[in-house]
Amino acid sequence: MPPAAPSPILRRRRLGTELRRLREAAGLTGDQVIERIGWASASKLSRLENGRSRPDPDDVRDLLALYGAADELHEELLGIAQEAGDMRGWLRNFPVMTQQQRGFAELEAGCAEISEYNPVIVPGLLQTPGYARHRIISAAQVAEQAGDPETGDDPETEVRARQARQSLLTRSPDAPRYTAVLEDAALGRRAGPPEVLHEQIVHLCELAVLPNVTLHLLLRDTRIADWYLPPTAFSVYRFADPLDPETLAIEGGFTDVMSTEANALNRYKVAFEWLCSAALSASDTLSWLIEAAGRLTDTAPEPTVAYGPATAPVQRRRDSGRLTTDR
């Protein structure tokens, strides 16, 4: 697999930040820029600086000329503008991608590190098709019964989109470092039938031994710091380019919120450290998962992953539920 393509949404934010900095350094207000360039829309510059619109390279050239940007910076920002607008080229990496999944895939592309916590669901990057299918169909049923005319895309398309996102955990050579804290409720009997849960747990065992993946299980009665209770599921994304802003994604069940605000990020990073400290270690988590897989069915073969730190690579192949280690 080729190296990760730059994330268009991150490119737009990076470009907007640089354009705002250049405008302020030039001592110009937004209204003055609009008047001098002759744009008809007063909100055009605001959308561009806030990363909310796909940039036109000609517009960026006009702004850079007005701001007197140095030649080297001029070429760099034009390159970023091309990447920010190249949705078609970026989406070639994801031949099946729904609108809902695209936002997360854009954030994940180009990531150097991802930290995730979810109290009730296995995070999307770790879900098997069977587990994902149950989550997608049940959510669509809620929307349908609520009279929502837009109940989402075809469930199988959603499943394939989620699988497409998961490829980043095993891409070579620049797979991100991924750490997740999940609670045992996400793997409880309410989450799906035994065969689906067994497959999901075996899959987690496979992922837990990848060198770039660390999984922590938080048991339901474990105390977190001074009786802290996480309010919601969240993810923190750090990117390979140090100038791309860290991003926080907060999952609210039916809506998602994205933020690059430093105070919010710092609070959630502290919360994630507390969660990791309270949860089982990576090796104990793997042991728990192996035992849980064995308890789910009497006939399912026990995964053949060795106990110990989750560092050894394995051949990720499933044969009647059995994990193999023959890479």
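The notes below deal with the structure included here. (Residues numbered from 1 in each chain as written. Predicted model: local features only at pLDDT ≥ 70, side-chain atom pairs only at ≥ 80, totals over all residues. Heavy atoms only, no water.)

1. A few points about the overall build of the protein
This is how the line gets drawn: Every helix listed is a DSSP run of H or I at least four residues long, and every strand listed is a run of E at least two residues long, numbered separately from the N terminus. Think of it in three bands: residues with accessible area under 20% of the maximum for their type are buried, residues over 50% are exposed, and the middle band is partly exposed, with areas taken using a 1.4 Å probe on protein chains only. Method for areas: the Shrake-Rupley scheme with a 1.4 Å probe, in which residue coverage is limited to the protein chains shown.
Secondary structure assignment for the protein yields twelve helices and eight strands. Across the 327 residues that make up the protein, the buried fraction comes to 48%. A total of about 16,400 Å² of accessible surface is found on the protein, and carbon and sulfur atoms cover 49% of it.

2. Side note on the sheet that holds strand 4 (residues 233–239)
The cut-off we apply is this: Here the rule is simple: two strands pair whenever DSSP picks up at least two bridges between them. The axes used here are C-alpha line fits, helices contributing only the stretch in contact, and every angle between their N-to-C directions lies in the interval 0 to 180 degrees.
Read across the open sheet, the six strands follow the order 3-2-1-4-5-6; overall the sheet is mixed. Across the chains shown, the open sheet's two edge strands, defined by having one partner strand only, are strand 3 (213–218) and strand 6 (256–259). Across the sheet, the mean angle from the axis of one strand to that of its neighbour is 10°, orientation sign disregarded. Direction of pairing for strand 1 (residues 111–118) relative to strand 4: antiparallel, over a ladder of six bridges. When the bridges of strand 4 are listed, C111 appears paired with F239.

3. A few points about the side chain of R23
Note the cut-off: Contact definition: two residues touch when any of their heavy atoms are within 4.5 Å.
Following the sequence through the fold, R23 ends up in helix 1 (residues 8–25). Non-local contacts of R23, meaning those with residues more than four positions away in its chain, are made with L28, T29, G30, V33, L45, E49 and Y67.

4. With respect to the environment of R54
Inspection of the secondary structure puts R54 in the loop between helix 3 (44–49) and helix 4 (57–67). The class of R54 is exposed, set by a relative accessible area of 55%. Considered as a pair, R54 and A84 are 30 residues apart in the sequence and their alpha carbons are 6.6 Å apart.

5. A closer look at the packing of helix 1 against helix 4
Note the following rule: Roughly parallel means an angle under 35 degrees; roughly antiparallel means over 145; roughly perpendicular covers 65 to 115; every other angle is labelled oblique. Left-handed describes a crossing whose near helix is turned anticlockwise from the far helix by less than a right angle; the clockwise case is right-handed. Throughout, the ten residues Ala, Val, Leu, Ile, Met, Phe, Trp, Tyr, Cys and Pro are labelled nonpolar, Asp, Glu, Lys and Arg are labelled charged, and all others, Gly among them, are labelled polar.
Between helix 1 and helix 4, the least distance of the axes is 9 Å, while the angle of their chain directions is 30°. Between helix 1 and helix 4, the angle is such that the two are roughly parallel. Considering the relative orientation of helix 1 and helix 4, their crossing is left-handed. Mapping the contact onto sequence places L15, L19, L22 and R23 in helix 1 and V60, L63, L64 and Y67 in helix 4. In terms of residue class, the contact of helix 1 with helix 4 is made up of seven nonpolar, no polar and one charged.

6. Topic: the pairing of strand 4
In terms of burial, strand 4 is largely enclosed, as six of its seven residues are buried. Bridge count for strand 4 against strand 5 (residues 247–251) is five bridges, and the pairing is antiparallel. For Y237, the partnering residue across the bridge sits in strand 5 and is T247.

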